[in-house]
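# Architecture at a glance
Chain residues, written in single-letter form:
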Amino acid sequence: MTGFDDAWQAALAAQNQAIFGYGLLGPHLPGADQPRAAALQATHESARDAISAAMVRVGVTPGHAAADYPSLYPVGNSAQAHALAARLEDECAAAWRVLYAASAVDAGHAKIPDPAARRREAQAGLSSSAVAAARWRKLAGAVPASRAFPGL
Amino acid sequence: MSDDSDRPRRGPAPSRRGFLFGASAVVAAAGGGVAAALLRSRPKEKVSYPASPQVLLAAVEAETRLIEAIDAAHDPAALVHLRDDHVAHREALLGAVQLATGTPTTQPSGSPPAQPRLSLTQLRSLEQAAATAAATAAASLTGAPAVLLASIAACEASHAELLR
């Protein structure tokens with residue numbers, strides 16, 4: 001395993017956690033927010049599938065999702081659901097940022113499959129999660145809703 | 001008008017640059033941290049840095065323009081947190097320039113050019129464009145400066161979302 005492989009697997013693991021987490025928190029959200037949660041869950045499923053497929057193409061075995069994520073409990077009301085949604089996205093942002101860092105090395109320093117593609121994916125994921133986290137914080141009335149350095 | 005010295009800040013601003021780059025090096029491990037460490041190891045040498053300082057200085061200017069745009073918005077008080085983010089971006093970018101060149105860099109202290117009053121929609125467009133530009137700039141760099149710009153791009157995308 002290389003540092004890049006670890007970062008790649010961590011990005012995949014973050015997607016798996018987010019997919020599970022949205023399933024957990026969704027029923028506790030106000031009805032108006034549930035379509036947003038479903039859409040974001042689908043976004044993370046797409047990211048999971050894309051990462052897994054890219055790994056398989058280069059002979060890397062994708063890690064499996066956990067059967068449960070005890071650290072995400074309890075979620076018993078809408079406030080906790082909003083907070084967990086923001087946390088899931090913050091943790092995805094952190095994983096994407098690490099993957100970006102692992103991909104943004106000088107050519108020849110590491111063996112990275114299609115580093116430009118990995119960077120594009122990581123940037124898209126980082127921005128997407130930053131946007132989603134800010135949106136959840138805004139819905140929860142948290143101030144400030146943005147983070148100056150998402151993923152840090 | 002654009003002097004940020006009297007604005008409230010989030011977090012320990014004076015040490016933010018060091019924290020950011022220290023954290024980047026740790027997080028990036030074998031990736032961007034390598035470049036950051038290399039930059040730190042030779043701050044006094046006269047070395048040619050082909051692209052990085054120019055790209056970073058352009059990003060500093062972009063942050064300054066965004067701060068000025070917020071100051072010129074119809075209700076700047078409502079946008080103080082977005083402004084704080086841009087001030088933090090500018091500080092971190094100036095720190096990155098200093099790491100790359102070994103020379104402290106400051107922003108010109110003159111009065112900013114007069115800005116037209118901007119609507120939230122116009123400001124949103126500026127933030128979105130800044131996010132795109134920062135991501136493009138990040139892709140042209142390697143190491144810690146690339147990661148810094150990637151994170152700034154994500155922040156500015158979130159600003160655009162918050163201005164909806």
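All of these numbers come straight from a predicted model, not from anything done at the bench.

### Looking at the overall build of chain B
Counting secondary structure elements, chain B contains six helices and zero strands. Element order for chain B, N to C, with α for helix and β for strand: α-α-α-α-α-α. Considering only contacts in chain B between residues 6 or more positions apart, those separated by 24 or more positions represent 78%.

### Overview of the overall build of chain A
The secondary structure content of chain A amounts to four helices and zero strands. For chain A, the succession of helices and strands along the chain, N to C, is α-α-α-α. Compactness check: chain A gives a C-alpha radius of gyration of 16 Å against a globular reference of 15 Å for 152 residues, within 12% of the reference. Reported as C-alpha extents along the three principal axes, the dimensions of chain A are approximately 50 × 35 × 25 Å. Expressed as a percentage of its 152 residues, the buried residues of chain A come to 47%. Of the contacts formed within chain A by residues at least 6 apart in sequence, a portion of 75% connects residues at least 24 apart.

### Observations concerning the interface of chain B and chain A
In this complex, chain B contributes 33 residues to the contact, which on the side of chain A involves 32 residues. At the level of secondary structure, the elements contributing two or more residues to the side of chain B that touches chain A comprise helix H1 (16-28), helix H2 (32-41), helix H4 (80-101), helix H5 (120-139) and helix H6 (143-162) of chain B. Counting residues per element, the side of chain B that touches chain A draws most heavily on H6(B), which supplies 13 residues. Taken together, the residues of the side of chain B that touches chain A sort by class into 22 nonpolar, nine polar and two charged.

### Considering the nonpolar core
Core analysis: the biggest nonpolar cluster contains 88 residues, and Leu99(A), Ala134(B), Leu149(B), Ala150(B) and Ala153(B) have the highest contact counts within it. Only helix H1 (3-25), helix H2 (34-57), helix H3 (78-103) and helix H4 (115-140) of chain A together with helix H3 (52-71), H4, H5 and H6 of chain B provide two or more residues apiece to this core. What Leu99(A) contacts, discounting residues up to four positions off in sequence, is Ala7(A), Trp8(A), Ala11(A), Arg118(A) and Ala122(A).

### A word on the environment of Phe149(A)
All names here are of chain A. Along the polypeptide, Phe149 turns up in the segment after H4. Overall, the presence of 24 C-beta atoms within 10 Å leaves Phe149 in the buried class. C-alpha of Phe149 to C-alpha of Arg137: the two residues are twelve residues apart in sequence and 15 Å apart in space.

### Here's the deal with the packing of H4(A) against H6(B)
In contact at an axis separation of 8 Å, H4(A) and H6(B) are set at 40° when each is read in the N-to-C sense. Between H4(A) and H6(B), the angle falls in the class oblique. By crossing handedness, the relation of H4(A) to H6(B) is classed as right-handed. Note on element contacts: H6(B) touches H4(A) through Ala150(B), Ser151(B), Ala153(B), Ala154(B), Cys155(B), Ala157(B), Ser158(B), Glu161(B) and Leu162(B), opposite Gln123(A), Leu126(A), Ser127(A), Ala130(A), Val131(A), Ala134(A), Arg135(A) and Lys138(A). For the contact of H4(A) with H6(B), the residue count by class is ten nonpolar, four polar and three charged.

### Some words on unusual backbone geometry
Residues and elements named next belong to chain A. Here the residue pair Tyr73 and Pro74 is connected by a cis peptide bond, since its omega of -5° sits within 30 degrees of zero. Within the secondary structure layout, Pro74 lies in the loop between H2 and H3. Note that the residue after Val143, namely Pro144, is joined by a cis bond; omega there is -5°. Summarising the element assignment, Pro144 is placed in the segment after H4. Backbone geometry places Asp114, a non-glycine residue, at a positive phi of 50°. Along the chain, Asp114 falls in the loop between H3 and H4.

### Points about the confidence of the model for chain B
Residues and elements named next belong to chain B. For chain B, per-residue confidence averages 75 on the pLDDT scale, and 64% of positions sit at 70 or higher. In this model residues 1-50 is a low-confidence stretch, pLDDT under 50, and it forms 85 contacts with partners more than four residues away in sequence or in other chains. Prediction confidence for the complex, expressed as pTM and ipTM, is 0.83 and 0.96 respectively.

The rules we used
Sequence order as written defines residue numbering, which begins from 1 separately in each chain. Here chains are named by letter from A upward and ligands by number from 1 upward, in the order in which they appear as written. Owing to the predicted nature of the model, reporting of local features is limited to residues with pLDDT of at least 70; listing and counting of side-chain atom pairs is limited to 80 or more, with chain, interface and lining totals taken over all residues. Under the scheme used here, helices are H or I runs from DSSP no shorter than 4 residues and strands are E runs no shorter than 2 residues, and both carry numbers assigned from the N terminus. Residues are scored as being in contact if the C-beta atoms we place from backbone atoms lie within 7 Å. All radius of gyration figures rest on C-alpha atoms, and the globule criterion is 2.2 Å times the number of residues raised to 0.38. Partly exposed residues are those falling between the two cut-offs: more than 12 but fewer than 20 other C-beta atoms within 10 Å of their own, whereas 20 or more means buried and 12 or fewer means exposed, with C-beta atoms placed from the backbone. Classification convention: Asp, Glu, Lys, Arg as charged; Ala, Val, Leu, Ile, Met, Phe, Trp, Tyr, Cys, Pro as nonpolar; all other residues, Gly among them, as polar. Note on terminology: a nonpolar core is a set of buried residues of type Ala, Val, Leu, Ile, Met, Phe, Trp, Tyr or Cys, with members joined through C-beta atoms within 7 Å. Axis definition: a line fitted to C-alpha atoms, limited for helices to the stretch in contact. Angles are taken between N-to-C directions and run from 0 to 180 degrees. Small angles under 35 degrees read as roughly parallel and large ones over 145 as roughly antiparallel, with 65 to 115 read as roughly perpendicular and the rest as oblique. A clockwise turn of the near helix away from the far one marks a right-handed crossing, whereas an anticlockwise turn of less than a right angle marks a left-handed crossing. Per-residue confidence from the predictor is reported as pLDDT, a score between 0 and 100.

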